[in-house]
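# Notes for the structure review
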Amino acid sequence: DQQVKQNSPSLSVQEGRISILNCDYTNSMFDYFLWYKKYPAEGPTFLISISSIKDKNEDGRFTVFLNKSAKHLSLHIVPSQPGDSAVYFCAAFVLQGAQKLVFGQGTRLTINP
Amino acid sequence: NAGVTQTPKFRILKIGQSMTLQCTQDMNHNYMYWYRQDPGMGLKLIYYSVGAGITDKGEVPNGYNVSRSTTEDFPLRLELAAPSQTSVYFCAGKGVPNTEAFFGQGTRLTVV
């Protein structure tokens, strides 16, 4: 039972353009959604999060949008830079209890010069 | 602040051997987690802990054990290594009320 899904294994975007990464979830109990970035041979690093009571959160070049009725969130990166090339994971958790993060499969983003 | 530290970074085990993956944190996280990541897959939760002395199984606990005798340390034990345990293992810590979890650099384990 895949509660968090990232259906695009890879995405290629030109430098300077917008990158849009998508994520779907099935568990309506999730309270928080997060995006993590991962470089090879490193641990995931936190990028941005959004509470289920909001529909948008912005931090510099990164914006996360949440559509609760569609159980869908997306990460927008504008403008995309070569250093953004990495694997991006969507994750979610329920505030009550152990707050266990449930991860999607990841999307490999490649920014082309 | 070192954050979340995992050792070793790499390890090759023979089938049937045992080992302990170490994880320590200096951020006073209440919650700690062990995940494994297989190629092309997301992170799967193995075990977690909500505080010293309290541990519970995650999604894929078979073949593993954990302990949490202190807030800082959360070791993961493999008793009888199997090829299916070849993976990259990540330890993470999370404080309250922080929303994000902080990850260690990972341990790449190969069982041959």
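Residues numbered from 1 in each chain as written. Chains lettered and ligands numbered in written order. Predicted model: local features only at pLDDT ≥ 70, side-chain atom pairs only at ≥ 80, totals over all residues. Heavy atoms only, no water.

### Points about the nonpolar core
Generally speaking, a soluble globular protein has its nonpolar side chains buried in company with each other. Counting 23 residues, the largest nonpolar core has A:F33, A:W35, A:L73, A:L75 and A:Y88 as its most contacted members. Elements supplying a minimum of two residues to this core: strand 3 (19-25), strand 4 (32-38), strand 5 (45-51), strand 7 (62-67), strand 8 (72-77), strand 9 (86-93) and strand 11 (107-112) of chain A. At four residues, the largest contribution of residues to this core is made by strand 9 of chain A. Excluding residues within four positions of it along the chain, A:L75 makes contact with A:S19, A:I20, A:L21, A:W35, A:L47, A:I48, A:F62, A:T63 and A:Y88. Judged by nonpolar contacts, the second largest core, of 20 residues, contains A:F89, A:A91, A:F93 and B:Y31. (Core = buried A, V, L, I, M, F, W, Y, C linked by side-chain atoms within 4.5 Å. Buried < 20%, exposed > 50% of the residue type's maximum accessible area, 1.4 Å probe, protein only. Helix = DSSP H or I, 4+ residues; strand = E, 2+ residues; numbered from the N terminus. Contact = heavy atoms within 4.5 Å.)

### Quick word on the layout of surface pockets
By volume, the largest pocket amounts to about 650 Å³. Lining the largest pocket are 32 residues; nearest its centre among them are A:K38, A:R108, B:Q37, B:V88 and B:R108. Elements that contribute at least two residues to the lining of the largest pocket include exactly strand 9 and strand 11 of chain A together with strand 9 (87-94) and strand 11 (107-111) of chain B. Split into classes, the residues belonging to the lining of the largest pocket amount to twelve nonpolar, 14 polar and six charged. Reported here for the second largest pocket is a volume of approximately 370 Å³. In terms of lining, the second largest pocket is formed by 25 residues, of which the most central are A:Q3, A:K100, A:L101, A:V102 and B:E59. Put simply, the parts of the chain that give the lining of the second largest pocket at least two residues each are strand 10 (102-103) of chain A together with strand 5 (43-51) of chain B. For the lining of the second largest pocket, a count of residues per class yields twelve nonpolar, nine polar and four charged. (1 Å grid on protein atoms, 1.4 Å probe; cavity = no way out; pocket = protein on both sides within 12 Å on 5 of 7 lines; lining within 4 Å. Points joined across faces, edges and corners; volume = space filled by probe spheres on them. Nonpolar A, V, L, I, M, F, W, Y, C, P; charged D, E, K, R; others polar.)

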